[in-house]
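Single-letter residue listing:
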Amino acid sequence: MTSTRTRRLISVIAVALALSLGGCVLGGNAVNKETNLANQREAAIAFLETQGGVEKIRFTQEGGLSGFGAPWAVNAVVTVNGEEYNEILGTERFSRGGNPLPSIAPGTAPAPVTVIYSDESSEVIE
């Protein structure tokens, strides 16, 4: 049988642990809007260096840090040869989500590429 004091101590430790972990995650996501937009542009350019046939990149959120030491990343919908793919793009690397992307060499047409940022502004990258 556990004493009341022991149960109370376990509860306090559990709450402290939950708050500290939650604070890391929430605090880790804080990146200002200008930085996010600059990172989105950098991520788009890095992605275009590794994937050909891209027609459009549309960022679906601002992006940020996971809080677990992972680099900045953002969700985007990428259009390649008329098909849309959900991707996670980053300034350091990208990882694929959804269906695999077609194998098209970087620099392969079509170009230029329309990039729509999370604030709905856009530009054409050639």
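Nothing here was measured: the structure is a model prediction, and the numbers come from that model.

Conventions we followed
- Residues numbered from 1 in each chain as written.
- Predicted model: local features only at pLDDT ≥ 70, side-chain atom pairs only at ≥ 80, totals over all residues.
- Heavy atoms only, no water.
- Phe/Tyr/Trp six-rings, centres within 6.5 Å; stacked < 30°, edge-to-face > 60°.
- Helix = DSSP H or I, 4+ residues; strand = E, 2+ residues; numbered from the N terminus.
- Buried < 20%, exposed > 50% of the residue type's maximum accessible area, 1.4 Å probe, protein only.
- Expected span 1.5 Å × (residues − 1).
- Arc of directions from axis to C-beta.
- Polar contact = N/O pair within 3.5 Å; in protein donor to acceptor, adjacent residues only side chain to side chain.
- pLDDT = per-residue confidence, 0-100.
- Contact = heavy atoms within 4.5 Å.
- Core = buried A, V, L, I, M, F, W, Y, C linked by side-chain atoms within 4.5 Å.

Participant: Got a minute to help me understand the packing of aromatic side chains in this structure?
Facilitator: How two aromatic rings sit relative to each other is given by the distance of their centres and the angle of their planes. Tallying each qualifying case throughout the model produces 1 aromatic pair. When the centroid spacing of 6.0 Å and the interplanar angle of 5° are considered together, the rings of Phe-59 and Tyr-117 count as stacked. Of this pair, Phe-59 sits in strand S1 (residues 54–59) while Tyr-117 sits in the loop between strand S5 (113–116) and strand S6 (122–125), and the two are 58 residues apart along the sequence. For Tyr-117, a relative accessible area of 7% puts it in the buried group.

Participant: Is there a simple way to think about helix H2 (residues 33–48) in this case?
Facilitator: Working note: α-helix, 3.6 residues per turn, so residues spaced by three or four point in the same direction. Over its 16 residues, H2 runs 23 Å from end to end, which matches the ideal 22 Å to within 8%, given 1.5 Å per residue. Within H2, the full set of buried residues consists of Asn-36, Asn-39, Gln-40, Ala-43, Ala-44, Phe-47 and Leu-48. Here the buried residues of H2 occupy an arc of 165° about the axis, which is enough to place them on one side. The N-terminus of H2 is capped by Asn-32, whose side-chain oxygen sits 3.2 Å from the backbone nitrogen of Glu-34.

Participant: Help me understand the confidence of the model for the chain, please; the structure alone is not making it clear to me.
Facilitator: Caution is warranted with low-pLDDT regions, since their predicted coordinates should not be read in detail. Of the residues in the chain, 71% reach a pLDDT of 70 or more, and the chain-wide mean stands at 78. Throughout residues 16–29 the model reports pLDDT below 50, and contacts reaching past four residues in sequence, or to other chains, amount to 9 contacts.

Participant: Any chance you could explain the nonpolar core here in plain terms?
Facilitator: In summary, soluble globular proteins display a tendency toward joint burial of nonpolar side chains. With 20 residues, the main nonpolar core has Phe-47, Val-54, Ile-57, Phe-59, Val-80, Leu-89 and Val-115 as its most contacted residues. Going through the elements one at a time, H2, S1, strand S2 (73–80), strand S3 (83–90) and S5 are the ones with two or more residues in this core.

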